[in-house]
Structures are given as C-alpha cells and as structure tokens.
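Chain by chain, the residues:
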Amino acid sequence: MKVFIVSDMEGVAGIVKWQQVTGGHAMYDEGRRLYTGEINAAVRGAKAAGATEIVVMDCHGAGEGWTFNSLIPEELEPDCEYVVQNEWTEYVEFLEGGVDAALFVGMHAMAGTRDGVLAHTVSGSSWWRLRFNGVEVGETGINAALCGAWGCPVVLVTGDEASCREGTALLGTGLTTVAVKKGLARFSARQFPATKARELIEAGASRSLADLKAVAPYVPGSPCEILVDFNTSDQVEKYRYRPGVEITESRQIASRADDWWTAWRQFFF
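Our subject in this report is the structure included herewith. All values derive from a computational prediction rather than experimental measurement.

### Focus on the overall build of the chain
What the chain contains, in helices and strands, is six helices and 12 strands. Radius of gyration (C-alpha) of the chain: 17 Å, near the 18 Å computed for a compact globule of 269 residues. Principal axes of the C-alpha set define a box for the chain whose edges measure 50 × 40 × 35 Å. Within the span of the chain, comprising 269 residues, buried residues form 53% of the whole. Across the chain, the fraction of contacts at a sequence separation of at least 24, relative to all contacts at a separation of at least 6, is 69%. In the chain, the 24 positive side-chain charges and the 35 negative ones have mean positions that sit 6 Å from each other.

### Some words on the pairing of strand E4 (residues 101-107)
Among the seven residues in E4, seven count as buried, and that is most of the element. Summarising the sheet, E4 and strand E7 (residues 154-160) pair through four bridges and their orientation is parallel. For Leu103, the partnering residue across the bridge sits in E7 and is Leu156.

### Regarding the nonpolar core
Within the largest apolar cluster, 46 residues are counted, with the highest numbers of intra-cluster contacts made by Phe4, Phe132, Ile226 and Trp260. Residue contacts for Ile226: discarding those within four places in its chain leaves Leu130, Arg131, Phe132, Ile253, Ala254, Ser255, Trp260, Ala263, Trp264 and Phe267. Counting 37 residues, the second-largest nonpolar core is a separate cluster that includes Ile5, Val21, Leu34 and Ala205.

### A few points about the pattern of salt bridges
Any two side chains of opposite charge can pair, on the condition that their charged atoms come close. The tally for this structure, following the rule as stated, stands at eight salt bridges. Of the charged contacts, one joins Glu202 and Arg44 as a salt bridge, the two residues approaching to 3.1 Å between their closest N and O atoms. On the criterion of sequence distance, the pair formed by Glu202 in helix H5 (residues 194-208) and Arg44 in helix H1 (residues 28-48) is long-range, its members being 158 residues apart. A relative accessible area of 29% places Glu202 in the partly exposed class. Put simply, Arg256 and Glu246 hold a salt bridge, and the shortest N to O gap is 2.8 Å. Taken together, the positions of Arg256 in strand E12 (residues 252-257) and Glu246 in strand E11 (residues 245-249) put the pair 10 residues apart, joining distant regions of the chain.

### With respect to the packing of H1 against H5
Packed helix pairs are specified by the crossing angle of their axes together with the interaxial distance, meaning the distance between the axes. Two numbers describe how H1 lies on H5: the axes approach to 7 Å, and their chain directions differ by 30°. What the angle tells us is that H1 and H5 run roughly parallel. Considering how the two elements wind past one another, H1 and H5 form a crossing that is right-handed. Across the interface between the two elements, Arg33, Leu34, Gly37, Glu38, Ala41, Ala42, Arg44, Gly45, Ala46 and Ala48 from H1 touch Ala194, Ala197, Arg198, Ile201, Glu202, Ala205 and Ser206 from H5. Its residues assigned to classes, the contact of H1 with H5 comprises nine nonpolar, three polar and five charged.

### Digging into the packing of helix H3 (residues 139-148) against helix H6 (residues 260-268)
Two elements in contact, H3 and H6, have axes whose closest approach is 10 Å; the angle formed by their N-to-C orientations is 125°. Relative to H6, the element H3 is oriented oblique. Here H3 runs over H6; the crossing is left-handed. Where H3 approaches H6, its residues Ile142, Ala145 and Leu146 are matched on the opposing element by Trp260, Trp261 and Trp264. The residue makeup of the contact of H3 with H6, split by class, is six nonpolar, no polar and no charged.

### Considerations on the sheet that holds strand E10 (residues 224-230)
The sheet built from five strands is open, its strands ordered E6-E5-E10-E12-E11 with antiparallel pairing. Of all the strands in the sheet, just strand E6 (135-136) and E11 have a single pairing partner and so form its edges. Summarising the sheet, E10 and E12 pair through six bridges and their orientation is antiparallel. Residue pairing for E12: Glu225 is matched across the bridge by Arg256.

### Examining the packing of aromatic side chains
Evaluated as defined, the whole model comprises 21 aromatic pairs. Summarising the aromatic geometry, the rings of Phe267 and Phe268 are spaced 6.3 Å apart at their centres and angled 85° between planes, so their arrangement reads as edge-to-face. Of the aromatic side chains, those joined through ring pairs into one cluster are Trp88, Trp127, Phe132, Trp150, Phe230, Tyr239, Trp260, Trp261, Trp264, Phe267, Phe268 and Phe269. Directly above the aromatic system of Trp128 lies the positively charged group of Arg129, at a separation of 4.8 Å from the ring centroid. Above the plane of the ring of Trp128 lies Arg251, whose end atom (NZ or CZ) is 5.9 Å from the centre.

Parameters and conventions
Here, residues in each chain are numbered from 1, in the same order as that chain's written sequence. Under the rules for a predicted model, residues below a pLDDT of 70 receive no local features and side-chain atom pairs below 80 are neither given nor counted, while totals for whole chains, interfaces and linings still include all residues. Just so you know, side-chain values use all the structure's heavy atoms and leave hydrogens and water out. In this description a helix means any DSSP run of H or I spanning at least four residues, a strand means any run of E spanning at least two, and both kinds are numbered starting from the N terminus. Computation of the radius of gyration draws on C-alpha atoms, with the globule rule given as 2.2 Å multiplied by the number of residues to the power 0.38. Summary of the burial criterion: residues with accessible area below 20% of their type's maximum are buried, those above 50% are exposed, and those between are partly exposed, where the area comes from a 1.4 Å probe applied to protein chains only. Note on definitions: a residue-residue contact is assigned when non-hydrogen atoms from the two residues lie within 4.5 Å. For this count, His and the chain ends are skipped, Lys and Arg are scored as positive, and Asp and Glu as negative. To locate a charge, take NZ of a lysine, CZ of an arginine, CG of an aspartate or CD of a glutamate. A pair of strands is considered paired only if DSSP assigns at least 2 bridges between the two. Only buried residues count toward a nonpolar core. Its members are Ala, Val, Leu, Ile, Met, Phe, Trp, Tyr and Cys residues joined through side-chain atoms within 4.5 Å. We define a salt bridge as a contact between a side-chain nitrogen of Lys or Arg and a carboxyl oxygen of Asp or Glu at a distance within 4 Å. Angular values range over 0 to 180 degrees, each being the angle between N-to-C directions of two axes fitted as lines to C-alpha atoms, with helices fitted over their stretch in contact. Roughly parallel refers to an angle under 35 degrees, roughly antiparallel to one over 145, roughly perpendicular to one between 65 and 115, and oblique to any angle outside these ranges. For any helix crossing, the convention is left-handed if the near helix is rotated counterclockwise from the far helix by under a right angle, and right-handed if that rotation is clockwise. Classification used: nonpolar for Ala, Val, Leu, Ile, Met, Phe, Trp, Tyr, Cys and Pro, charged for Asp, Glu, Lys and Arg, polar for all others including Gly. In this analysis, rings of Phe, Tyr and Trp, with Trp reduced to its six-membered ring, are considered paired at centre separations within 6.5 Å, and the interplanar angle assigns stacked below 30 degrees, edge-to-face beyond 60, and tilted for intermediate values. Should the NZ of a Lys or the CZ of an Arg lie within 6 Å of a ring centre and within 35 degrees of the ring normal, that charge is described as sitting over the ring.

Written out as structure tokens, the structure reads:
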C-alpha cells in the first residue's frame, strides 16, 4: 500500500502564532519540532496499517530556504521518504505512479473562518477567496484536488476543529478526522499536549487506511473554473497575459480549462 502524507504547520497542536511557523523567528524551532512529531505519528499509523511505501510532502511556506522544508529530517521516522519541492503542487511524480491514499496532517481552515487557528488560503496577505466550480475551498481543497487528479483519495485530515469540519464538508462523512485543538479565535486555541495529539493522529491514520473506499477521490469537475478573489486590485495585474486566465473583476481572476489540473497550472505556476 502506497501512502502520501501531505503536511502543513498551522494545524499542529501547540501552534497558535505566526512566529511558530515563520522561518527565522525564535519560536520557529519549537514549531518545527511539534510539526515533525505529528508527521511521525501519521507515518507510524500508516506503517501499522500495512503501508509499504510512505512519502511525506511538506506543504508549508515558512519563508526563504525553509519553504516546503520545515520538517526536521534527522528526526523523521525511518519508514518514510520525504520531498522538498521548489513550488507548491509541483511534485506529482509519486501520484503519477499510483497512490492508494493520502493523509493530510496539520491542516488549517480557509480564509475568514472565525474559529480557524491561523486561518488563511494560500497567502494571508493577498488571497481572500478561492472557488472550484463555485465551491469555496481552502488549502485542504487544493491538496485534495491535486491528489484527486490522479485518482488518489484523501482518507484523513488532522488539524483544528475548523479544518476537520471543512474537510468533512468537502470530502464527505467517510473521511477520518483528528482534531488536536479547538480554535477560540484566530490566534488562540484549547489544545491537546503534543504526546496526546500524536497518539490520536497515529490511531487515526491507522484507522483511516482500513477502508480505502470510504472517501472518493476529490475531483472538482470537468470542465473546471477556478475563481480567485484577492484582497487588493494590484494582485490581478500579473495574470493579464496568461493564456486561459481572465481578469473578471477588479480583484478577481478566472482560470478555465477542461480539467482542474490544467486550470490550476495556467495561473499558479
């Protein structure tokens, strides 16, 4: 069984401040340790469920050389391999070869979610709303669509309660979720200690892989329209001459294609 672990930092227990997820801050080292511990828990759970190949893809943009490279390599469980990509959603080789299931660890809620800890979508400073064929999504939706483009189902989402709720709404009640904290506001939460959070994630990962058909691969639809609303009007200007991309409003672009992957690549890379 081949398992893809897709990870982000903001949904990890113990993390509630931007300084914990931003490279160069004194608190970032603490965030990295907490992050790696939850990834390891998912690796152990996947291994216990019978996974024979486990690849971890860090999807956290921490800034500078830490972007997509926030986990601590020397502390990773030896039963996995990990990817450092240059651009988000760039690495698809593993998916192209056929992957049985994806586990999402440390997810956060989409921009504007009141009880979402560190909630944002892609860029908290520039992106306001993202929709796939009219359905509002966050980063869980982006990663799920990436996996779904190659027929890989997402069977587990861990993070705060808001991200777990968001994952279930998008992917269905067959999704296994593990909430390691409850958002009280954007920068505060009631949460489990790291040891307890890791126990829950390990058990959830193992449980989620017991039925690979519990969740269908997420496919936004064909043809596909991706709408991005930005916070300010200047953000749309760099897309003015992108083929397949239209500036539809002063702060909005639309990318349209026969499938999600083509529509995504038209504007994101």
